[in-house]
Amino acid sequence: MTTPTPPNINTPTQPRVGWGVLGCGDITDKRGAPAIHAQPHSRLVHIQSRTGTRAEDFARRHGAARWTTRREELLADPEVDAVYVATEHHRHAEDVVAAAEAGKHVLCEKPMANSVADCRRMIDACRAHGVALQVAYYRRYYPKLVRMKELLDAGAVGEPVSAQIHLSSRLDPARVSPSNWRLNAELSGGGALVDTGSHRLDLLLWLLGEPDRVAAFAECRELPMEAPDMETLLIRMASGVHVSSHHGYRSPSDDRFEITGTRGVLSATPVDGPGLRLTGDGREEHWELPKHANVHFPLFDDFVTRLAAGQPPRFTGEDGMQASRIIAAAYESARTGRVVSA
């Protein structure tokens, strides 16, 4: 099904996109709100947090016109054209559906939702109400990863054969607390695979296409938490590419991302660094392509620019759902001991 084309909102009476923000966490504070301020056709209008003092302080520091503790009040604001959903993972679906029903365009933080069914519900609601929906997988805008995709599409490594993802870190003991919702699988949706691994899976899907089947292990071996502290996946892509993907909170920091083809290897290790390396067939090339100082800015800038031009998002809700398909299949495989279709 096609994604609806949003209306052109860059009119003489509404020259800029008015943003409402649901959730005043760390990412919104350090990246989301500054990205809105830096985007020349955006303005921060309304802030919502369930804690009034937090919402008021956030609005004051970031220059928002209004704040509230009620989602419904923000969504009823006629000056809000688009909503940045930056609440806890388990709240994404309800927040996005409510925003769509209020006629607001939506940029939703990752992962999209805690189930594929919720992802589809979000997509359906935005389509039914003619509003745009994008998931905040901002690494698709990294210059080095845009270049990586160009090289893959041009056949620089031949036919892709396999890929490796390894993303782990030793969790700070101070974060292991019952109050940390990210470590409660019922609220967060899982462990490191969901929280940080979803970004790597999204890149994998962007670069290599649809997933096919998943076999996985997920368990908590050491840390006193209600989510897995180590997760390992084997993924078969629809193209036939085989992928190994490991995520965890038990080992020293390690970030590897590479794709091997019939003629060479492309390595973006570490993903958040500037380097991209191509080796194979007796050649070696290297690029240094730094990311933006605020990694959320290119995401917001592209979203707003396309809204103003009456164009659908560059990356759709369906694109954002694909990582959730792999995650859901992985946890089902870990639970049943079977290979699961994604």
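Residues numbered from 1 in each chain as written. Predicted model: local features only at pLDDT ≥ 70, side-chain atom pairs only at ≥ 80, totals over all residues. Heavy atoms only, no water.

Judged by how many residues are buried, strand β10 (residues 242-248) sits mostly within the fold: five of seven residues are covered. Two elements, strand β7 (residues 160-168) and β10, share seven bridges in a ladder whose sense is parallel. Each residue of the ladder has a partner; that of Ile165, found in β10, is Ser245. Of the pairings in the sheet, the one linking strand β9 (residues 230-237) to β10 comprises seven bridges and is antiparallel in character. (Buried < 20%, exposed > 50% of the residue type's maximum accessible area, 1.4 Å probe, protein only. Helix = DSSP H or I, 4+ residues; strand = E, 2+ residues; numbered from the N terminus. Pairing = 2+ DSSP bridges.)

Here we come to the sheet that holds strand β14 (residues 283-288). One key point about sheets: their strands pair by backbone hydrogen bonds, in either a parallel or an antiparallel sense. On the basis of which strands lie adjacent, the open sheet formed by nine strands has the order β14-β13-β12-β11-β7-β10-β9-β8-β15 and mixed pairing. Edge strands, defined here as strands with exactly one partner in the open sheet, are β14 and β15 (340-341). By the bridge criterion, three bridges tie strand β12 (residues 265-267) to strand β13 (residues 275-280) in an arrangement that is antiparallel. Of the residues in β13, the one forming a bridge with Leu266 is Leu278. On the sheet, helix α6 (residues 143-153) packs against β11 (254-261), β12, β13 and β14 and is oriented at approximately 25° with respect to β13. Across the sheet, helix α11 (residues 317-336) lies against β8 (211-219), β9 and β15, angled at about 55° from β8, the strand it touches most. (Contact = heavy atoms within 4.5 Å. Axes fitted to C-alpha atoms, helices over the stretch in contact; angles between N-to-C directions.)

Quick look at the pattern of salt bridges now. Scanning all chains against the criterion turns up 30 salt bridges. Asp255 serves as the salt-bridge partner of Arg200, at 3.0 Å between the closest nitrogen and oxygen. Within this pair, whereas Arg200 is found in helix α9 (residues 197-208), its partner Asp255 is found in strand β11, the two being separated by 55 residues in sequence. Among the charged side chains, a salt-bridge network with shared partners connects Asp29, Asp57, Arg60 and Arg61. (Salt bridge = Lys/Arg side-chain N within 4 Å of Asp/Glu carboxyl O.)

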